[in-house]
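# Descriptive structure summary
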Amino acid sequence: MRILRSSDAPALAAAYVRNREYLSPWEPVRPEEYYTEAWQASDIASRLVAEKAGEGYPLGLFADDILVGRFNMAGIVRGPFQSAGLGYWVDNTYAGRGLASAAVQVIVGTARDVLGLHRIEASTLLHNAGSQRVLLKAGFRQIGMAPRYLQIAGEWQDHNLYQVVLHD
């Protein structure tokens, strides 16, 4: 796992194309352009600007040269909050092997020890038991449920809210 690079756009686009159907119940409806190298290159570029500003942390999980997972800490807020939001997915052919759990645990440590964050938040659809297990294994605790929180798969859907506090 490492910070994404501009040169990862082809691998990221290929991963999204490969996992389009698999991810569709868990993500917003995407425009066709989203699945292109150009779109992904632009997105990576903006996330790298955010990373340099200390406002994001875009990661890719690789098996050799194949991108098999995407992890993103976004909306990093400094000052008294020291918090970020976490989103992630793992390639369908690699799901269920503990990769997401291991990656999120590494991210929690990095957020605490390298980025100096105090808290990470994440949310899951109510029926996404796999993602809930990933978060719980990494020390997250459910802190609530937000009705009609995000528009996923074309519908406003309820989400469970989680957080991990990194400094007690």
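Residues numbered from 1 in each chain as written. Predicted model: local features only at pLDDT ≥ 70, side-chain atom pairs only at ≥ 80, totals over all residues. Heavy atoms only, no water.

As a further point, take the overall build of the chain. When helices and strands are tallied, the chain shows 5 helices and 7 strands. When the elements of the chain are put in sequence order from the N terminus, they spell out β-α-α-α-β-β-β-α-β-α-β-β. A compact globule built from 168 residues should have a C-alpha radius of gyration of about 15 Å, and the chain, at 15 Å, falls within 12% of that. Expressed as lengths along the three principal axes of its C-alpha atoms, the size of the chain is roughly 40 × 35 × 30 Å. For the chain, buried positions account for 43% of its 168 residues. In the chain, 60% of the contacts between residues at least 6 apart in sequence involve partners at least 24 apart. Total accessible area on the chain is roughly 8800 Å²; 54% of this is exposed by carbon and sulfur atoms. (Helix = DSSP H or I, 4+ residues; strand = E, 2+ residues; numbered from the N terminus. Rg over C-alpha atoms; globule rule 2.2 N^0.38 Å. Buried < 20%, exposed > 50% of the residue type's maximum accessible area, 1.4 Å probe, protein only. Contact = heavy atoms within 4.5 Å. Areas by Shrake-Rupley, 256 points an atom, 1.4 Å probe, with all protein chains shown as cover.)

Let's shift gears to unusual backbone geometry. Positive phi, normally seen in glycine, also occurs at Arg148, with a value near 45 degrees. A residue is classified by how much of its surface remains accessible, and Arg148, at 55% relative accessible area, is exposed. For Ala153, which is not glycine, the phi torsion reads 50 degrees and is therefore positive. Among the secondary structure elements, Ala153 is positioned in the loop between strand E6 (141-152) and strand E7 (155-165).

Following both chains from N to C, one finds helix H1 (residues 9-18) and helix H3 (residues 37-52) inclined at 120 degrees, their axes separated by 8 Å at the closest point. It follows from the interaxial angle that H1 and H3 lie oblique. For the pair H1 and H3, the crossing hand works out as right-handed. Contact residues: Ala9, Pro10, Leu12, Ala13 and Tyr16 in H1; Glu37, Gln40, Ala41 and Ile44 in H3. Each residue belonging to the contact of H1 with H3 can be placed in one class, and the counts come to 7 nonpolar, 1 polar and 1 charged. (Axes fitted to C-alpha atoms, helices over the stretch in contact; angles between N-to-C directions. Parallel < 35°, antiparallel > 145°, perpendicular 65-115°, else oblique. Left-handed = near helix turned anticlockwise from the far one by under 90°. Nonpolar A, V, L, I, M, F, W, Y, C, P; charged D, E, K, R; others polar.)

With that settled, consider the pattern of salt bridges. Here the structure, examined in full by the defined rule, presents 8 salt bridges. Ionic pairing is found between Asp8 and Arg2, a salt bridge with its closest N-O pair at 2.7 Å. On the basis of relative accessible area, Arg2 is assigned to the partly exposed category, the value being 23%. Between Asp43 and Arg70 there is a salt bridge whose closest N-O contact spans 3.3 Å. (Salt bridge = Lys/Arg side-chain N within 4 Å of Asp/Glu carboxyl O.)

In spatial order, the strands read E1-E2-E3-E4-E5-E7-E6; together these 7 strands make up an open sheet with mixed pairing. Two strands bound the open sheet, and with one partner strand each, they are strand E1 (2-3) and E6. Taken together, the 8 bridges between E6 and E7 define a ladder with antiparallel strand orientation. Residue pairing for E7: Gln142 is matched across the bridge by Tyr162. Contacts from H1 reach strand E3 (66-77) and strand E4 (83-90) within the one sheet, and its direction differs from that of E3 by about 105 degrees. (Pairing = 2+ DSSP bridges.)

Side chains three or four residues apart in an α-helix point the same way, a direct result of the helix having 3.6 residues per turn. Turning to H1, its buried residues are Ala9, Ala11, Leu12, Ala13, Ala15 and Tyr16. In this fold, the buried residues of H1 make contact with helix H2 (20-23), H3, E3 and E4.

Burial analysis of strand E2 (residues 57-63) places 6 of its 7 residues in the buried class, which makes it a mostly covered element. As paired elements, E1 and E2 share 2 bridges and run antiparallel to each other. Bridge pairing in E2 links Ile3 to Leu59. Relative to E3, E2 runs antiparallel, the two sharing 7 bridges. In the sheet register, Gly60 faces E3, and the bridge partner there is Arg70. Hairpin connection of E2 to E3: 2 residues between the antiparallel strands, including Asp64 at a positive phi of 60 degrees.

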